[in-house]
Every structure is written in C-alpha cells, then in structure tokens.
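Examination of the molecular architecture
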Amino acid sequence: MPLITETIVTTSNSAGDVHIAPLGLIATDGDRWTIAPFKPSRTLDNLRAVPFAVANHTDDVRVFAGCLTGRRDWAVRKAEQVQGGVLEAALSHWELAVEEVIEDDVRPKFVCRVAHVGNHAPWTGMNRAQAAVLECAVLVSRLHMLPSEKVEAELKYLEIAILKTAGTREEEAWSWLMERVDAWREKQA
Ligand SMILES: Cc1cc2nc3c(=O)[nH]c(=O)nc-3n(C[C@H](O)[C@H](O)[C@H](O)COP(=O)(O)O)c2cc1C
C-alpha cells in the first residue's frame, strides 16, 4: 500500500472561486502526489477546469470535521505560484500542478508535482484526539455505505481518545461530527 497523507485540498473553478475539501494524497513515484476524487465531486470538476491544487497540512481538525458538516467557510489567502488558495490554518502547504490524468469510472487520478512548498508554523506533535477526529470524519463521510454495528463499534473506540486527550478544538470538531452521527442514528431507527 502506498503512503497516504490526509490534507485539506483547495481547488478553484475557472471563475477563481476556491473550494475546500479533505482528501487523502497518495504518494506516487519519486516525489509526486496523486489526488483521487470520487465522481461526482466539485474537487473533480475544478481539477478538470484548473489543473492546480493546494494541499494544506493543518493540525486544526475542525477544518476536516467542518468541511464534512457544512462548515466550509475557512480563511484562505492566495497561493504563491499556482492558481488556488492557502488555508490560513495550515502549518505548511504544497502547491501542486497536475502533470498526468488517469481516467477511471469511479475515481479519476490526478498525478501532481510539487511546484512550491510553504512552511508557516511549527508542528506541536502527535495527539490521539486529532487522529480520532480524522478517523471519525472518514467514518462520517461513509455512513451511507457502512453497517451500523461497525459504525457504533468504531465510534465507541474513537471516543476513548477524545475523552482522554482532546483540547477545545478537538472537542468542538468531535461535537460537529456527533451531530451528523445523531441525525444518521435517527434515520436508522
Ligand atoms: C480524511 C478524509 C480523507 C478523504 N479522502 C478523500 C479522497 O481521497 N477522495 C475523495 O473523493 N473524497 C475523500 N474524502 C471525502 C471528501 O472530503 C468529501 O466527499 C468531499 O465533500 C469531496 O467532495 P467535493 O469535492 O464535492 O466537496 C475524504 C474525507 C476525509 C475526512
């Protein structure tokens, strides 16, 4: 399995509107990274229209949880060398230029070179609650296709790290995701 790094990807449409979405970037030959958006998605449409993206590395997991729960209004500024936006909450970012497109019926792949790297703030180390929010965000993005026993079992496990190690940002992110889980539970009942 290739290494995948979970980032906040910003893309733009031809009018210059920036779109923010959490996506996993897949390490590809040499130092390239592949973005693989499912069909249909705005990220996919944007990459076809404007073949650039910014991968934002942030420890503010509210951005991951927020994007999945309708809170996409995160501050961005103009990227330096490609068309796109840098998340203000990014500790570092990569500006990416699409070099190759591999078509697929489900999930086309956009292989990118890193055109520019920006470093903005120090990383303060690993935190279990941040990892748990990330896992929970993936779970929430797949609620429609997972059996409820699996969802409940995973939530129970992930909650341990929240209870033991979360700060205020992680607690807020978790609460947004739990709103979504509660709505899903009501539909199941
Ligand atoms: C950690 C994480 C990683 C994700 N990785 C991907 C991915 O690689 N490809 C994808 O299509 N969606 C991925 N998703 C789900 C997208 O963020 C979500 O479906 C998003 O809304 C994309 O659609 P959009 O471009 O229309 O906003 C991921 C979600 C999370 C929380």
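Heads up: these notes are all about the structure in this document. (Residues numbered from 1 in each chain as written. Predicted model: local features only at pLDDT ≥ 70, side-chain atom pairs only at ≥ 80, totals over all residues. Heavy atoms only, no water.)

Time to look at the overall build of the chain. Within the chain one finds 5 helices and 8 strands. Along its sequence from the N terminus, the chain presents helices and strands in the succession β-β-β-α-β-α-β-β-β-β-α-α-α. Taken along the three principal axes of its C-alpha coordinates, the chain extends 45 × 40 × 35 Å. For the chain, the residues scored as buried account for 44% of the 189 residues in total. (Helix = DSSP H or I, 4+ residues; strand = E, 2+ residues; numbered from the N terminus. Buried < 20%, exposed > 50% of the residue type's maximum accessible area, 1.4 Å probe, protein only.)

Next up on the list: the packing of aromatic side chains. Taken as a whole and judged by the stated rule, the model has 2 aromatic pairs. Both rings, one in Trp 74 and one in Trp 176, keep their centres 6.3 Å apart while their planes meet at 50°; by these two values the pair is tilted. Of this pair, Trp 74 sits in the loop between helix H2 (62-68) and strand S5 (76-78) while Trp 176 sits in helix H5 (residues 168-188), placing them 102 residues apart in sequence. (Phe/Tyr/Trp six-rings, centres within 6.5 Å; stacked < 30°, edge-to-face > 60°.)

Turning our attention to the pattern of salt bridges. The final tally for this structure, using the stated rule, is 13 salt bridges. Note that Arg 48 and Glu 103 form a salt bridge whose closest N and O atoms lie 2.9 Å from each other. One end of the pair, Arg 48, is in helix H1 (residues 42-49); the other, Glu 103, is in the loop between strand S7 (92-102) and strand S8 (109-119), and 55 residues separate them in sequence. According to the relative accessible area criterion, Arg 48 is partly exposed, its value standing at 42%. (Salt bridge = Lys/Arg side-chain N within 4 Å of Asp/Glu carboxyl O.)

Here the focus is the site of the ligand. As a structural note, the neighbourhood of the ligand is formed by 17 residues, with His 19, Pro 22, Phe 38, Arg 42 and Thr 43 the closest of them. The separation between an oxygen atom of the ligand and a polar main-chain atom of Arg 42 is 2.8 Å. With the chains in place, 83% of the 620 Å² that the ligand exposes on its own is no longer accessible. Among the detected pockets, the ligand sits in the largest pocket. For the shell around the ligand, the secondary-structure elements that each account for two or more residues are strand S2 (18-28), H1 and helix H3 (128-141). With 5 residues, S2 is the largest single contributor of residues to the shell around the ligand. (Near = heavy atom within 4 Å. Polar contact = N/O pair within 3.5 Å; in protein donor to acceptor, adjacent residues only side chain to side chain. Areas by Shrake-Rupley, 256 points an atom, 1.4 Å probe, with all protein chains shown as cover. 1 Å grid on protein atoms, 1.4 Å probe; cavity = no way out; pocket = protein on both sides within 12 Å on 5 of 7 lines; lining within 4 Å. Sits in = over half its atoms within 2 Å of the grid points.)

Here we take up H1. Along H1, the residues classified as buried are Thr 43, Leu 44, Asn 46 and Leu 47. The buried residues of H1 occupy an angular sector of 165° when the element is viewed end-on, so they sit on one face. The elements touched by buried residues of H1 are strand S1 (4-12), S2, strand S3 (32-35), strand S4 (52-57), S7 and S8. (Arc of directions from axis to C-beta. Contact = heavy atoms within 4.5 Å.)

Ranked by size, the top nonpolar core spans 30 residues in total, and within it Val 133, Cys 136, Leu 155, Trp 174 and Leu 177 carry the most contacts. Of all the secondary-structure elements, those providing two or more residues to this core are H2, H3, helix H4 (148-165) and H5. Residues lining this core come from more than one domain, with at least three contributed by each of domain 1 (4-119) and domain 2 (128-188). If sequence neighbours within four positions are ignored, Leu 155 has contacts with Cys 136, Leu 139, Trp 174, Met 178, Val 181 and Arg 185. With 15 residues, the next largest nonpolar core counts Trp 33, Leu 44, Leu 47 and Leu 96 among its residues. (Core = buried A, V, L, I, M, F, W, Y, C linked by side-chain atoms within 4.5 Å. Domains from an automatic or database assignment.)

Turning to the side chain of Arg 32, a few remarks are in order. The topology assignment puts Arg 32 in strand S3. Classification of Arg 32 as buried rests on a relative accessible area of 16%. Among the polar contacts made by the side chain of Arg 32, one reaches the side chain of Asp 29 at a distance of 3.2 Å. Within the structure, Arg 32 has its side chain in polar contact with the side chain of Glu 99 (distance 2.8 Å). If sequence neighbours within four positions are ignored, Arg 32 has contacts with Ile 26, Ala 27, Glu 99, Glu 100, Val 111, Cys 112 and Arg 113.

Moving on, we get to the environment of Ile 160. On the secondary structure map, Ile 160 appears in helix H4. For the pair Ile 160 and Thr 5, spaced 155 residues apart in sequence, the C-alpha separation works out to 23 Å.

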